Amino acid sequence: MFDKTPSSSAIGATTSSFNFRDLIIRYLKKWYWFVLSILLFGVLAYLHIRYSVPQYNVSSTVLISQEQSVSESELAAFKDLGLLDNTQNKLENEIQIIKSRTLISNVVDNLNLNIQYFSEGRILETENYPKSLVQINLLAEDSIISKSSQVFHVLINSNTSFSFLDEKGKKLSDHFFGKTISTGIGKVIITPNDKNIDTYKGRVIKIKITPLQHVTQKYRERISIVTVGDNSSVVKISLNDPVINKARDIINNLVEEYNKATIENKKEMSSKTASFIGERLALISGDLSEVDEEAAGYKSKFGLTNNVEAQTQRVADIDSRNVQEIAQLGTQLSVIESMSRFVSSQEGRYDLIPANLGFDEPTITNTISRYNALILQRKRLLKTSSEQNPVVVNIDQQIDGLRQVLIGSLNSLRSSINIKLKSLRTQDQYFSGKLYNAPKRQKDLRVIEREQTIKEQLYLYLLQKREEAEITSNVTLSNARVIDRASALSAYPVSPNKRIIYTGAIFIGFLIPFILIYISDLLNVKISSRADLEKVLTMPIIGAIPKVRSKKKVVISKHDRSGVAEAFRILRTNLDFLMAGSTNDKGKVIFITSTISGEGKTMISSNLARTLSITGKKVVYLGTDLRDPKFHKFLDLPEGKHTKGLTNFIMNKELNPNDVIYRDNKEDAFDYIPSGAIPPNPAELLMHERVNTMFEYLKGYYDYVIVDTSPVSLVADTLLIGHYADLCIYIVRENYSDKRILQMPQSFHTEKRLPNIAVLLNAAGSQAGYNYGYGYGNKKN
């Protein structure tokens, strides 16, 4: 029946749970917004597609050789020498070269892309490419043409003449094909491209001339170059253009220009490289000759051969042999001295002399042999005779003679050996000096040879690189190898994309109302539903009255089955529940009030009085809004707004309550007391004791007293008489009352300034949740 929110939160708290169903209902209420928005954007999408020039995608796949990129092979010599960085050009650098202003400008110039020809259609202009019905030839200098901007509208009159038109189609001048014409961009000649040009009489051709720089920049922005896969040297060059053949020619020509540029760059670098290497060869050749002469002079100065090590080894061997011979000769001298002393001494005159002492002189050897033979013969004779024996004496004489010969031979041999020994010692000093200086000579010679080798290797290396540069200059390959030539992958345009545009139109058509509704709800401070009351108020919500669309003020009747009538019947039932515990045996006093004027308290109170009277109860409708009464707008008063009422009763003590009570003449009538004349002091009047007299009389005579009071936020009138009420119904109007005013009825309820207060939502929409009439709709039986 009615709700009483159990929360005791403070006024203005927003502790509420998200209700998805309410959210859906809120948006579904405005379904027509979504339909209109989707239809609107659908129409806009159709017009966009219809009046947009279709764009076709043309692409080409190209392999970029990073090993032979621009200037790579020509600079290889310098990179090997460490003169340049050995890092390879990155693929991104090649992509930027392809998209460079220079290459694209060459393409624009090659294909005359700065001059466009269009045929005018019913809706769109169609570009004529590669051939148009007419052709314009610019006679001005290239520097002027590249900066020119002009549009000509050419009307074909016949096979020999044409006319210039302005943008509105008005004829400007007549001319002949093939004749020179002076224009704002210089002299031009327009010639026909079709022999049967007269068959196109009346056709208008639009010739558009754009500055070369602008066209170049436009295509730089439109051409897309991306790599195909990771760590790949394959790139995809693509372009969207209304004319497939034009886009195909642009891409193919761009690749050709790139290859041409790389080849020219390689040739130029090869030529410069060969020239530089030639200069280096001449310089290094001179250095190499100087080093060779230095090596030859050094060897000649110190008597060195080409093989210094072998020469040194030979000297060492000779010196070793000399040392051995010196040692041998020294030994022989020692033996000779010993033998000389032995032979000369008297003690060993008749002793044997050693025979095998290694003397090479045969004379000494023979003498020693004969001497020893005589010594042996003497010793044998002495065994049988004496020393005076003539034979012994003869032998002694022979021995003495041989001794003298031997001593002379030994002296002669000693002299010979001394001479030889001196010579050997002189040679030993010479070769020892040679061996001592050999390392230094070898070191110096090695330094010279090392320098000679370096110069020679560098000379040979540069000779090789010069040959490579010459070969590269004459056999030069381009950097780009076309895998797939430019072609359109599909016959359907990529722009405008109908599927994406229509999908986007539907999405935006749905999104815009959603955003508008959301923002509207976000900025809306008005009470929009019963849920707004339940979030804030802790007092009972007695019901909700749907919005009344009838022009009648009092819309309730006995047989009415409309939603409004059923809502008032539910309100009537809820009144019984709220006042069930009342101890008042007299008539029930029900105050109807609101925060501000216009929330519908008079409409609610008048229809509530009718609803209660239908049940057979005695009902009186009392107007206490003395400042701005609206009784005369809802009820047919005898004298209109000047009919006597409550104020007249209070001020005129001679009047009785029955004097100001009027009867409604309609079916299920109820009594009513208008507010009367508007007084200057309404608050003081409501404090008069005759007000109490009136209420006591009405409670004693009627079952229900429905009181239409003043708005509580504007004046204190209602609070002055609030103690007479058994129930206060506080009216809040949907989409009219501000959410911030809910603090007022809440404070009245909390502070008990108005007794038994309950809230009623007026002008509720379909989200109120009621389906009155059980399918009868708004029919009346």
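Here is a short report on the structure shown in this document.

**Overview of the overall build of the protein**
1) Next: When helices and strands are tallied, the protein shows 21 helices and 22 strands.
2) Next: Relative to its full complement of 781 residues, the protein shows a buried share of 42%.
3) Next: For the protein, long-range pairs separated by at least 24 residues make up 78% of all intrachain contacts whose partners lie at least 6 apart in sequence.
4) Next: Carbon together with sulfur atoms contributes 52% to the accessible area of the protein, which is approximately 43100 Å² in total.

**Let's talk about a negative patch on the surface**
1) Next: On the surface, a cluster of negative charge is made up of Glu290, Asp292, Glu293, Glu294, Glu451 and Glu456.
2) Next: Put simply, the parts of the chain that give the negative patch at least two residues each are α8 (244-302) and α11 (390-474).
3) Next: The greatest single-element share of the negative patch, amounting to four residues, is contributed by α8.
4) Next: Note on placement: Asp292 falls in helix α8.

**A closer look at empty space enclosed by the protein**
1) Next: By the definition in use, this model includes two cavities of 30 Å³ or more.
2) Next: Along the walls of the largest cavity sit Pro629, Phe631, His632, Leu637, Gly640, Lys641, Thr643, Pro674, Ser675 and Gly676, which together make up its complete lining.
3) Next: Taken together, the residues of the lining of the largest cavity break down into four nonpolar, five polar and one charged.

**Let's talk about helix α2 (residues 31-51)**
Because an α-helix packs 3.6 residues into every turn, residues spaced three or four apart end up facing the same way.
1) Next: For α2, spanning 21 residues, the distance from its first C-alpha to its last is 30 Å, which sits close to the expected 30 Å at 1.5 Å a residue.
2) Next: Looking at α2, one finds that the buried residues are Phe34, Ser37, Ala45 and Ile49. End-on view of α2: buried residues confined to an arc of 105°, all on one side of the axis. In α2, the exposed positions angled more than 90 degrees off the buried face are occupied by Leu36 and Leu39.

**Observations regarding the pairing of strand β15 (residues 540-546)**
1) Next: Here β15 lies mainly inside the structure; seven of its seven residues are buried.
2) Next: Where β15 and strand β22 (residues 757-764) come together, four bridges link them in parallel fashion. Within the sheet, the bridge partner assigned to Gly543 lies in β22 and is Leu760.

About the thresholds
Residues numbered from 1 in each chain as written. Predicted model: local features only at pLDDT ≥ 70, side-chain atom pairs only at ≥ 80, totals over all residues. Heavy atoms only, no water. Helix = DSSP H or I, 4+ residues; strand = E, 2+ residues; numbered from the N terminus. Buried < 20%, exposed > 50% of the residue type's maximum accessible area, 1.4 Å probe, protein only. Contact = heavy atoms within 4.5 Å. Areas by Shrake-Rupley, 256 points an atom, 1.4 Å probe, with all protein chains shown as cover. Patch = residues over 30% accessible without salt bridge, like charges linked within 9 Å, V, L, I, M, F, W, Y side chains within 5 Å. Salt bridge = Lys/Arg side-chain N within 4 Å of Asp/Glu carboxyl O. Lys, Arg positive; Asp, Glu negative; His and termini not counted. Charge placed at Lys NZ, Arg CZ, Asp CG, Glu CD. 1 Å grid on protein atoms, 1.4 Å probe; cavity = no way out; pocket = protein on both sides within 12 Å on 5 of 7 lines; lining within 4 Å. Points joined across faces, edges and corners; volume = space filled by probe spheres on them. Nonpolar A, V, L, I, M, F, W, Y, C, P; charged D, E, K, R; others polar. Expected span 1.5 Å × (residues − 1). Arc of directions from axis to C-beta. Pairing = 2+ DSSP bridges.

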